[in-house]
Amino acid sequence: MTIEICATSIKSIINAQNAGANRIELCEDYLIGGVTPSLDFTLESINKSKIPINVLIRPRGGDFNFNDEEYEIMIESIHQLKKYKINGFVIGFLDENKKIDSNMLSQFRKITKGYELIFHRAFDYLINQDESLELLIKNKFDRILCSGSVVDSEKGLDRLKYLKKISNGRISIMPGGGVNLKNFNLFKASNFKEIHLSAIDKNISLDSNYNIIREIVEMSK
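Keep in mind that what you see is a predicted model, and the values were worked out from it rather than measured. Each chain carries its own residue numbering, running from 1 in the written order of its sequence. Local features in this predicted model are restricted to residues of pLDDT 70 or higher, and side-chain atom pairs are both shown and tallied only at a pLDDT of 80 or more, whereas totals for entire chains, interfaces and linings draw on every residue. By convention in this description, side-chain values take in all heavy atoms of the structure and omit both hydrogens and water.

Q: Looking at this model, I keep getting lost on the overall build of the protein. Mind explaining?
A: We count a stretch as a helix when DSSP gives it H or I for four or more residues in a row; a strand needs E for two or more, and each element gets its number in order from the N terminus. In terms of regular secondary structure, the protein is built from eight helices and eight strands. Its C-alpha radius of gyration of 16 Å places the protein within 12% of the 17 Å reference for a compact globule of 221 residues. If one aligns the C-alpha atoms of the protein with their principal axes, the spans along those axes are about 45 × 40 × 30 Å. Only protein chains enter the area calculation, which uses a 1.4 Å probe; residues under 20% of their type maximum are buried, those over 50% are exposed, and those in between are partly exposed. For the protein, the residues scored as buried account for 53% of the 221 residues in total. Of the contacts made within the protein by residues no fewer than 6 positions apart, 66% connect residues no fewer than 24 positions apart. For the protein, the exposed area adds up to about 10,600 Å²; of that, 47% sits on carbon and sulfur atoms. The globule rule used here is 2.2 Å times the number of residues to the 0.38 power, and the radius of gyration it is set against is calculated over C-alpha atoms. In what follows, residue pairs with any heavy atoms lying within 4.5 Å of each other are defined as contacts. Per-residue accessibility takes into account occlusion by the displayed protein chains alone, with areas from the Shrake-Rupley method and a 1.4 Å probe.

Q: Please clarify how the packing of aromatic side chains should be interpreted in this entry.
A: Each pair of aromatic rings is reported with the distance of its centres and the angle of its planes. Two rings from Phe, Tyr or Trp (for Trp, the six-membered ring) form a pair when their centres sit within 6.5 Å of each other. Planes less than 30 degrees apart are called stacked, planes more than 60 degrees apart edge-to-face, and all others tilted. The full count for this structure, using the stated rule, is nine aromatic pairs. Measuring from centroid to centroid gives 5.5 Å for Tyr71 and Phe93, while their planes differ by 85°, and the two rings are edge-to-face. Taken together, the residues Tyr71 in helix H3 (residues 68–81) and Phe93 in the loop between strand E4 (88–91) and helix H4 (102–111) connect sequence positions 22 residues apart. For Tyr71, a relative accessible area of 9% translates into the label buried. Clustering of aromatic rings is evident, with ring pairs tying together Phe66, Tyr71, Phe93, Phe108, Phe119 and Phe141. To sit over a ring, a charge needs its Lys NZ or Arg CZ within 6 Å of the ring centre and within 35 degrees of the ring normal. Cation over ring: Lys164 sits above Phe192, and NZ or CZ is 5.3 Å from the ring centre.

Q: I would appreciate a short explanation of the pairing of E4 in the present structure.
A: Moving residue by residue along a regular strand, the side chains alternate between the two faces of the sheet. Every second residue of E4 is oriented toward a common face, with Gly88 and Val90 on one face and Phe89 and Ile91 on the other, all of them buried. A pair of strands is treated as paired once DSSP finds two or more bridges between them. Where strand E3 (residues 53–56) and E4 come together, three bridges link them in parallel fashion. The residue of E4 that forms the bridge with Asn54 is Gly88. The crossover handedness rule: strands pointing away from the viewer, path from first strand over the helix to second strand clockwise, crossover right-handed. For the handedness criterion, the β-α-β arrangement of E3, H3 and E4 is classed as right-handed. With four bridges connecting them, E4 and strand E5 (residues 116–119) associate as parallel partners. Looking at the pairing, Phe89 lines up with Leu117 of E5.

Q: Help me out: how do you make sense of the pairing of E5 in this one?
A: One crossover worth recording links E4 to the parallel E5 by way of H4, and it is right-handed. Here E5 runs beside strand E6 (residues 143–146); their pairing, made up of two bridges, is parallel. Across the sheet, residue Ile118 finds its bridge partner in E6, namely Arg143.

Q: What's the story with unusual backbone geometry in this structure? I'm lost.
A: One can expect most non-glycine residues to show negative phi and most peptide bonds to be in trans. Phi is positive for Asp29, close to 60°, though the residue is something other than glycine. Looking at where Asp29 falls in the secondary structure, it is placed in the loop between strand E2 (23–26) and helix H2 (39–48). We classify Asp29 as partly exposed; its relative accessible area is 46%. Of note in this structure, Asn168 is not a glycine but carries a positive phi near 50°.

Q: Help me out: how do you make sense of the sheet that holds E4 in this one?
A: Paired through their backbone hydrogen bonds, the strands of a sheet run either parallel or antiparallel. The parallel open sheet is built from eight strands, whose spatial order is E7-E6-E5-E4-E3-E2-E1-E8. The two strands at the open ends of the sheet, each matched to only one other strand, are strand E7 (172–175) and strand E8 (194–197). The sheet shows a mean angle of 25° between the axes of neighbouring strands, taken without regard to direction. Axes here refer to lines fitted to C-alpha atoms; in helices the fit is confined to the stretch in contact. Angles between the N-to-C directions go from 0 to 180 degrees. The strands touched by helix H6 (residues 157–167) within the sheet are E6 and E7, with E7 carrying the most contacts at an inclination of about 165°.

See the structure below:
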């Protein structure tokens, strides 16, 4: 099982790789759901990381209905980051009708050719998820990070299993949102191949916790 850690600090990256995680989703501003990391932080992360890094491309917190200027910022961020050793990109957006703009989707796939491309939890807010899943497959996205249309992926488990069933191996469904030591085995038992978590204990810090990640890795075997 692939363990992906949402990392917002260098310490999180070091803890993740030392604990045996497989991949990093890099972002900043965890408390608002994550935004595109600064170039300085990204370059330092690339230098420190021994495991693949996928970068979140999100210009701001809040909803996922972006305006033209924000889309241009996202596109420019991707072009800039392609100069460096990035494994892939994590994007997500919806229009005022809570559907995916298929033309914009094609544009993002075109400029990220050769890179992993992930559609993030904006998927949970789409009203036409079955149709959207097929559109993401058509555009050769690698995976969908979602929580089953609720905040907590444990509560969305039935929906996640449904999405995995209809995807039929054509795209990976990666649960994320509220994944922790107590509920991890629910996802493992449901045969998900990938899992996404921050592994943060807010009582300690906003860094991904080595001990939590290590235990998750051991449980995944």
